[in-house]
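Understanding the architecture of this molecule
The chain contents come next:
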Amino acid sequence: MHVHREESGPPDAYTLGPILHTGSRNAIYRAVRNTDGQAVLVKTLRDGHVVADANRLRNEFTIASLLNIPGVIQPLELVTLEGRIALVLECFDGRTLQREAGLPLSPDPFLDIACRLAAILAGIHARKIIHKDIKPDNILYSARTGELMIVDFGISTLLNANRPGRESAWTEGSLPYMSPEQTGRIDRPVDQRSDLYSLGITFYELLTGGFPFQADDALEWAHCHIARIPPSPREKIAGIPEALSALVLKLLAKDPEDRYQSAQGLRLDLEECRTRWLADGRIASFPLGGKDFAENLRIPRRLYGREAEIAVLRGSLQRVSMGKGPELVMVSGYSGVGKSTLVEVLLLDSIAAQGMFVAGKFDQYHRDIPYATLVEAFTGAILQILAGGAERIADWNARLLAALGVNAGLMLGMIPQLESLLEKQTPVPELSPAEAKNRLRLVFRQFIGVFAQQDHPLVLFLDDMQWTDSASLELILDLAGNHELSQLLVVGAYRDNEVGPSHPLHIGLEKARERGASIQSLMLPALSDAHLSALLADTLRPCAGDLAELTALLREKTGGNPFFAIQFLFSLDEEGLIQRDAEGAWNWNIEAIRAKGFTEKVVDLMSERLERLSPEAREALHHFACLGARAGIGDLARVLGSPEEECHERLSEPMLAGLIVSSFETYAFLHDRVQEAAYSSIRNGQRPEWHLRVGRRLQENRSQEAIEEKVFLIVSQLNQGIELIRDEGEKENLLKLDTLAGRRAKASVTYETAKSCFAHAIGLLPEGAWTRRYREWFSLNLELSECEYLLGNLDRAEELALMLLDKAASRSDRAMVFELRIRCHQLGGRFDRALGLALECLALFDIKWPEADADILAAIGKGMQEVRDLMRGRTIESILDAPTAHD
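The structure contained in this document is the topic of the report that follows. All figures in this text were calculated on a predicted structure; none of them were measured in a lab.

Section: the state of the cysteines
- Overall, the coordinates contain zero disulfides when judged by the stated rule.
- Distance from the sulfur of Cys 647, which forms no disulfide, to the nearest cysteine sulfur (Cys 626) is 15 Å.

Rendered as structure tokens:
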């Protein structure tokens, strides 16, 4: 019986003996239980431990308590010893494998140890537990008895094998043993095959006495695991049998689909190796993995039927790597057709080319947060940099400061996470809207140029561009047309059925092409029957049913849409309509599947899967869907009204169901179709209430500074529930937040967001505000009018300006309105009218233009008309970008 009495044990319940192992966080002692003299092991925290270390011990107790199997030391209790949490374990007379076995090992002892380890790991995986830190230091071995024990379940997770999670990069595991997907740098799930990779590194070390790779920091280790091909163990020690060397390399495959799929399949091959070795002292080669298959439904993340598109993407990356860029590749297709999965190919390729891959996703429900997608993309880049050593961080700091100079503060305002690299910077001076826009474009180019340099290409992937905001789109297309960024590849993905000729994305791309930008277009069709059949064959291996019949049904229900097809198969598995038989082959009943009456709409299918969740889990996803496509654990905990640990627990059910994933302490919906289903399951009339609740919780118990940092997220929620706010104090608070957000958005050249915030702020002013709160009323309306002008809505800007002119209380206020009207008419090409307004404004201050100078006025008007004729059909940008004679 396991007892958790962390705070109740007396301080002298155990007497610590000699230390067996010292790690960076813990120490393991031999000890004696004083009540009965029983020998035990005690794992306690070292000096300088943090809360996370204590949580690891708690997690180890919880997970190991589920593993009453041979090869796993049983936990007895959690207690407090000498003021620290300690884990008490059954005693085991052994030491770490590395210290006890003596490396390298010859085939005899290696095969004995390897077979035992594979069997223990198979038992762990059978209970749906991923260890996540397999290494010799976490394997105890008794040379006297030959017993082995796998220990340290501090970062282990209990997951459904069908629904693996994402990894928190750099924070868990041991760098030399991490699988590529565990580094957090690639968008692949962490499942049982991650343990098999770590076991492969362990086997390599046991056989050769060393690692397949060497690195100095986390970033370099990640590059090795993701991109470098390990040398064969036989290259290190010639006497290692070829079959054994091949088995280890199979474990070390970069793609989890190419590794062993189960520890049980690995064990069977190791047993075969041992049998052959004991028979005649050699291991004749044999097909590896012949009896290996996943115990649960596991759908490969391979691409089917996309060879031509992959070639186009790789060609673009190759040219950019050679400094022949920039290039923009637009990938289009229906939702779920595999656009994002296709672009993931470039992730591994860019890392192999010593480059960087950063990605952001536009959110259909939150297009009013300035540059949110670009911030998301480069937050990932910053985390990659911070994972390097101090020398690497200092190098990036110097490069960024050299490129940005006095404008570094502008990028800090746009991407606050940069502060961890650049620290505080002086604010940049205010400029006129036109100058501010040009400055932002220039500084953003300089910022991108730091990442896209010689021998260091940058791939910037932007997903769901059908929901892009105009400010981000302008910056992106400006990058794609700037030939100084010769090692930049921008890849955009969008739903072509949602982007018509009048869509801003379509218009922007056409303008970029006219300016000479290199743009390629890829359109992804649905999968053919042959490709659907290949997907099924790889998934349902071995197979006892008629694939042709199931392929036809999959085509009928999903139209060949890969995401829909995958979710449909998971639904069949959850319903028990596809199952393995006693021999391990997959079977199904077509008539039973048809009788079930599955929907032919993907959102409806996802909604049906959501309905299978508990009410608590559905409520959590409703809050999450209001918050956005992804959210950090801190914001989610606030919105759900739970501590972070409890929040993780509340989200575990939808994560086990494969509806959400986690990475970097951030949760994300598996696909935007899942978010759509979660959001649409909130009744239309109730959505404002949900958003208002989310916005309120985001503010609760937060300092004013913290609220201002999250101001865009907060106002985007509160404004959607603005009609439900009755309290005057809450209205005043939101008015101030909208005003702050509007001015910040305007300063960052995101005029659509600014316009929305100012409009909401004006709507919150009390009736008659133009007399009782004139200064505030005038200022907000002037800001709104200027936003309309900056967005090109000249008639609306003029309408607001005339209203302001009618109610202006002073000559200086009227002059500000005249200035705005003059700019409106200049932008519209009505220079004579602009001149007339300027003269009207001067008259306000008793400044008269002499009638004798009428000829001068006529000459000015004629000159303005000539300029207008020259500009017809051209933009300022096209003139500025045009090559000069000396170019």
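Regarding the pattern of salt bridges
- Following the criterion strictly, the structure yields 59 salt bridges and no others.
- In this structure, Glu 676 and Arg 495 form a salt bridge, with 2.9 Å as the shortest nitrogen-oxygen distance. Separated by 181 residues along the polypeptide, Glu 676 in helix 27 (residues 672-680) and Arg 495 in the loop between strand 15 (488-494) and helix 18 (504-514) bring together distant segments of the chain.
- When its relative accessible area of 12% is taken as the criterion, Glu 676 is described as buried.
- For Arg 821, the salt bridge goes to Glu 798, with nearest N and O atoms at 2.8 Å. With Arg 821 in helix 36 (residues 811-827) and Glu 798 in helix 35 (residues 794-807), this residue pair connects regions lying 23 residues apart in the sequence.
- Residues joined in a network through salt bridges with shared partners are Lys 361, Asp 463, Asp 464, Arg 495, Glu 498, Asp 672, Arg 673 and Glu 676.

Some remarks on the environment of Arg 683
- You can see Arg 683 is positioned in the loop between helix 27 and helix 28 (687-699).
- Residue classification places Arg 683 among the exposed residues on the basis of a relative accessible area of 62%.

Regarding unusual backbone geometry
- Pro 326 follows Gly 325 through a cis peptide bond whose omega is 5 degrees.
- Here Pro 326 shows up in the loop between helix 9 (307-321) and strand 12 (327-332).
- Cis geometry marks the peptide bond from Arg 541 to Pro 542; its omega dihedral reads -5 degrees.
- The backbone of Gln 354 shows a phi angle near 65 degrees, a positive value even though the residue is not glycine.
- Mapping Gln 354 onto the fold places it in the loop between helix 11 (345-352) and strand 13 (356-361).
- Assessed through its relative accessible area of 47%, Gln 354 is described here as partly exposed.

Considerations on helix 1 (residues 51-64)
- Between its first and last C-alpha atoms helix 1 spans 20 Å; for 14 residues at 1.5 Å apiece the expected length is 20 Å, and the two agree.
- Those residues of helix 1 not exposed but buried are Asp 53, Ala 54, Arg 56, Leu 57, Glu 60, Phe 61, Ile 63 and Ala 64.

Concerning the environment of Gly 560
- When you line up the elements, Gly 560 lands in the loop between helix 20 (547-558) and helix 21 (562-574).
- Overall, Gly 560 belongs to the buried group, its relative accessible area being 0%.
- Leave out the neighbours within four places in its chain, and Gly 560 touches Ala 526, Leu 527, Leu 532 and Arg 555.

A few points about the environment of Met 523
- Among the structural elements, Met 523 can be located in strand 16 (residues 519-523).
- Between the C-alpha atoms of Met 523 and Asp 191, which are 332 residues apart in sequence, the distance is 32 Å.
- Apart from residues no more than four positions distant in its own chain, Met 523 is found in contact with Glu 309, Ser 332 and Asp 496.

Rules and cut-offs
Residues numbered from 1 in each chain as written. Predicted model: local features only at pLDDT ≥ 70, side-chain atom pairs only at ≥ 80, totals over all residues. Heavy atoms only, no water. Disulfide = S-S within 2.5 Å. Salt bridge = Lys/Arg side-chain N within 4 Å of Asp/Glu carboxyl O. Helix = DSSP H or I, 4+ residues; strand = E, 2+ residues; numbered from the N terminus. Buried < 20%, exposed > 50% of the residue type's maximum accessible area, 1.4 Å probe, protein only. Expected span 1.5 Å × (residues − 1). Contact = heavy atoms within 4.5 Å.

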